[in-house]
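Tertiary structure, described
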Amino acid sequence: MTRRGRFAPSPTGQLHIGNAITALAAWLQMRQTGGAFVLRIEDIDKARSRDAYAEQLQDDLLWLGLDWDEGPRVGGPYAPYVQSLREPLYEEALEKLRQDGRLYPCYCSRSELASIGSAPHGLASEGAGYPGLCRRLSEEERLAKAAKKTPALRFIMPDHALPFEDAFAGPQPSDGDDRSDFVVKRADGMFSYQLAVTVDDAAMGITDVLRGVDLLDSTPRQLALYEALGLKPPAFAHVPLLVDQEGKRLSKRDRSITLAGLRSAGVEPEQLLGALAHQAGWIDRPERLTARELIPSFGPIRQAGEHLLLTEPLRRLIGAG
Ligand code: GLU
């Protein structure tokens, strides 16, 4: 079977060097294994997404030499590759979950939940996350709330752990943390990232999900959705987050770390690719290399925990140290 990987950015800002390592890793993984590389624009958050960012991120990827076999501009068998055009698929998945009794309406507002969380004798014993209030409503209570408010829809998490093996981060027991029921469709009609990403990865036949470690905690939720929808989950690999010498996450607002900023500062793609590959531990010396030249070097990202401390060549390139 041909492997299928993807890069799935949200067009809510410019790509930065952290996104670039993720995109590069996903592209190299497919180019090394002869798989297909898919680009999908995740713009379900319409208020924050911009077409101009979607266009720019494609220009940025091509500048780096990362081309895609399927996606915007090139099309493909699973088009459209833009989430805002795929809503009927998300609605279909919701319908199945609804019929299987895996959803319930939730009337809680953000502020109500926040006050429960901070109450001195609140629901701390029920763990972090949503305390399941609306799951326990009587029919009478539910009708009273329904008369006043449009609900969000929550998915009922299973009681069992959802362990998985992460190709970069190692075994994930996924038996603690946030196992609470989560929103799959907001009261304003917006589908959640968890639902859309699961439906799309499955519908597009994705076998390898490679993405930032900030989404590691989302994976058990997505595994629960794969299970509930009767879909086969992909393999997962999460790329550690780049941090500076003080252990701080690089700021998205810092223009020096966006691809567009580096490009306008005169940085060549081969310089950046060499520094990124060195940062990831794929090459020992930061040479100037094209994306194609890096294909044989790709492997797991060397890491200690969730963070990747910015190494000298990349730090020098972005002028941060
Ligand atoms: N759209 C998500 C983001 O840009 C990534 C989704 C994924 O790779 O699963 O953060």
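Residues numbered from 1 in each chain as written. Predicted model: local features only at pLDDT ≥ 70, side-chain atom pairs only at ≥ 80, totals over all residues. Heavy atoms only, no water.

Attention now goes to the packing of aromatic side chains. For the structure shown, the criterion picks out four aromatic pairs. Ring plane angle 65° and centroid distance 5.8 Å describe the contact between F164 and F236, whose orientation is recorded as edge-to-face. In this pair, F164 sits in strand β5 (residues 164–166) while F236 sits in strand β9 (residues 235–239), placing the two residues 72 residues apart along the sequence. Owing to a relative accessible area of 12%, F164 belongs among the buried residues under this scheme. You can call F236 buried: its relative accessible area is 4%. The ring of Y130 carries the charged tip of R154 above its face, separated from the ring centre by 3.5 Å. (Phe/Tyr/Trp six-rings, centres within 6.5 Å; stacked < 30°, edge-to-face > 60°. Helix = DSSP H or I, 4+ residues; strand = E, 2+ residues; numbered from the N terminus. Buried < 20%, exposed > 50% of the residue type's maximum accessible area, 1.4 Å probe, protein only. Lys NZ or Arg CZ within 6 Å of the ring centre and 35° of its normal.)

So, about the pairing of strand β1 (residues 4–7). Both faces of β1 are covered, namely the face carrying R4 and R6 and the face carrying G5 and F7. Where β1 lies against strand β2 (residues 36–39), four bridges are found, and the strand directions are parallel. Among the inter-strand pairings, F7 is bridged to a residue of β2, identified as L39. Viewed along the sheet, the connection from β1 through helix α1 (residues 17–33) into β2 turns out right-handed. Both β1 and strand β8 (residues 208–212) contribute to a ladder of two bridges, which runs parallel. (Pairing = 2+ DSSP bridges. Right-handed = clockwise from strand over helix to strand, strands pointing away.)

Ranked by size, the top nonpolar core spans 51 residues in total, and within it I17, L61, L272, W282 and L314 carry the most contacts. When contributions to this core are tallied by element, the ones reaching two or more residues are α1, β2, α2 (51–64), β9, α8 (259–264), α9 (269–280), α10 (291–294) and α11 (312–318). Considering each element in turn, this core owes the most residues, 10 residues, to α1. Other than its neighbours up to four places away in sequence, L272 contacts I17, W63, L64, L259, L262, V267, L314 and L317. Ranked by size, the runner-up nonpolar core spans 32 residues in total, among them I44, V184, I206 and L225. (Core = buried A, V, L, I, M, F, W, Y, C linked by side-chain atoms within 4.5 Å. Contact = heavy atoms within 4.5 Å.)

What follows covers the confidence of the model for the protein chain. Predicted confidence across the protein chain gives a mean pLDDT of 91, with 92% of residues reaching 70 or more. Low pLDDT, under 50, characterises residues 121–127; the stretch is placed with six contacts to residues that sit more than four places away or in other chains. (pLDDT = per-residue confidence, 0-100.)

Below, the discussion takes up unusual backbone geometry. Omega for the bond connecting A79 with P80 falls within 30 degrees of zero, at 0°, which places this linkage in the cis form. Structurally, the position occupied by P80 is in the loop between α2 and α3 (87–99).

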